[in-house]
Amino acid sequence: MGNIRYLLISRKNPVTREYAYSASKISGFAPTITTDAFYAAMAENAHIPVAQIPAVFTAITKAIENFCLNGHSVTFPDLGTFRASINSGGQAVEEDFKTDDIRGLRLRFLPSAKLNYELRANTSFTRQ
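Since this is a predicted model, take the numbers as computed values, not measurements.

Draft legend 1. Local environment of the overall build of the protein chain. The helix and strand tally for the protein chain stands at three helices and six strands. Start at the N end of the protein chain and walk to the C end: the helices and strands fall as β-β-α-α-β-β-β-α-β. Seen through its C-alpha atoms, the protein chain measures out along the principal axes to roughly 55 × 50 × 25 Å. Here the protein chain, with 128 residues, has 12% of them falling under the buried criterion. Put simply, 36% of the contacts in the protein chain that link residues at least 6 apart link residues at least 24 apart. When the 14 positive and 11 negative side-chain charges of the protein chain are each reduced to one mean point, those points stand 12 Å apart.

Draft legend 2. Quick look at the packing of helix α1 (residues 35–46) against helix α2 (residues 53–69). Packing of α1 against α2 brings their axes to within 10 Å, and their N-to-C directions diverge by 100°. The angle between the axes of α1 and α2 places the two elements in the roughly perpendicular class. Contacts between α1 and α2 involve Phe-38, Tyr-39, Met-42 and Ala-43 from the former and Ile-53, Pro-54 and Phe-57 from the latter. Of the residues belonging to the contact of α1 with α2, the class tally is seven nonpolar, no polar and no charged.

Draft legend 3. Seen up close, a nonpolar patch on the surface. Together, Leu-69, Ile-86, Phe-97, Ile-102 and Leu-105 give the surface a local cluster of nonpolar side chains, amounting to about 470 Å² of exposed area. Judged by relative accessible area, which is 35%, Ile-102 ranks as partly exposed.

Draft legend 4. View of the sheet that holds strand β2 (residues 19–25). Ordered by their spatial adjacency, three strands build an open sheet running β2-β1-β6, and the pairing between neighbours is mixed. Whereas interior strands pair on both sides, the edge strands pair on one side only; in this sheet they are β2 and β6 (123–127). Adjacent strand axes in the sheet meet at a mean angle of 40° when their direction is disregarded.

Draft legend 5. Here's a closer look at the side chain of Thr-123. Turning to its location among the elements, Thr-123 is positioned in strand β6. Separated by 2.4 Å, the side chain of Thr-123 and the backbone oxygen of Leu-119 make a polar contact. Thr-123 has contacts with Met-1, Gly-2 and Ile-4, leaving out every residue within four places of it along the chain.

Draft legend 6. Layout of the sheet that holds strand β4 (residues 80–88). A sheet is described by the order of its strands in space; here three strands give the open sequence β3-β4-β5, paired in antiparallel fashion. A strand with exactly one partner marks an edge of an open sheet, and here the two such strands are β3 (74–76) and β5 (102–111). Each neighbouring strand pair of the sheet contributes to a mean axis angle of 25°, computed without reference to strand direction. Where β3 lies against β4, three bridges are found, and the strand directions are antiparallel. The residue of β4 that forms the bridge with Val-74 is Phe-82. Here α2 sits on the sheet and contacts β3, β4 and β5; the angle it forms with β3, its principal contact strand, is near 140°.

Draft legend 7. Inspection of the layout of surface pockets at higher detail. A volume near 150 Å³ is recorded for the largest pocket. Around the largest pocket, the lining residues are Ile-60, Ile-64, Phe-76, Pro-77, Leu-79 and Phe-82. Residues belonging to the lining of the largest pocket are distributed by class as follows: six nonpolar, no polar and no charged.

The rules behind each value
- Residues numbered from 1 in each chain as written.
- Predicted model: local features only at pLDDT ≥ 70, side-chain atom pairs only at ≥ 80, totals over all residues.
- Heavy atoms only, no water.
- Helix = DSSP H or I, 4+ residues; strand = E, 2+ residues; numbered from the N terminus.
- Buried < 20%, exposed > 50% of the residue type's maximum accessible area, 1.4 Å probe, protein only.
- Contact = heavy atoms within 4.5 Å.
- Lys, Arg positive; Asp, Glu negative; His and termini not counted.
- Charge placed at Lys NZ, Arg CZ, Asp CG, Glu CD.
- Axes fitted to C-alpha atoms, helices over the stretch in contact; angles between N-to-C directions.
- Parallel < 35°, antiparallel > 145°, perpendicular 65-115°, else oblique.
- Nonpolar A, V, L, I, M, F, W, Y, C, P; charged D, E, K, R; others polar.
- Patch = residues over 30% accessible without salt bridge, like charges linked within 9 Å, V, L, I, M, F, W, Y side chains within 5 Å.
- Areas by Shrake-Rupley, 256 points an atom, 1.4 Å probe, with all protein chains shown as cover.
- Salt bridge = Lys/Arg side-chain N within 4 Å of Asp/Glu carboxyl O.
- Pairing = 2+ DSSP bridges.
- Polar contact = N/O pair within 3.5 Å; in protein donor to acceptor, adjacent residues only side chain to side chain.
- 1 Å grid on protein atoms, 1.4 Å probe; cavity = no way out; pocket = protein on both sides within 12 Å on 5 of 7 lines; lining within 4 Å.
- Points joined across faces, edges and corners; volume = space filled by probe spheres on them.

Now the structure itself:
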């Protein structure tokens, strides 16, 4: 069971121009988990020797990179899908578009419906 701490912040709605309160997660509440702590938790949960986990992550990362850079999406059941996307400037005429107009490449992650459900079902919220 998780617990997310939040604050209420007054923000302006860009459409109506009216202010309303909305929740904002407190970032400093829980520090970033170190790689070693993450590997230790994985080893404990999966009963895998902790020494093998870095090699598995390296292999997974390289496979995601290779597949996404070749236009594929990579889906992990119960986790989500990784895919590459690009952003670019526009041209008025299709023939004027050049690869130089492409500004960047990003890796996107879309969590699975199961992961989203589990996170929401197993989390409580505490207002600060």
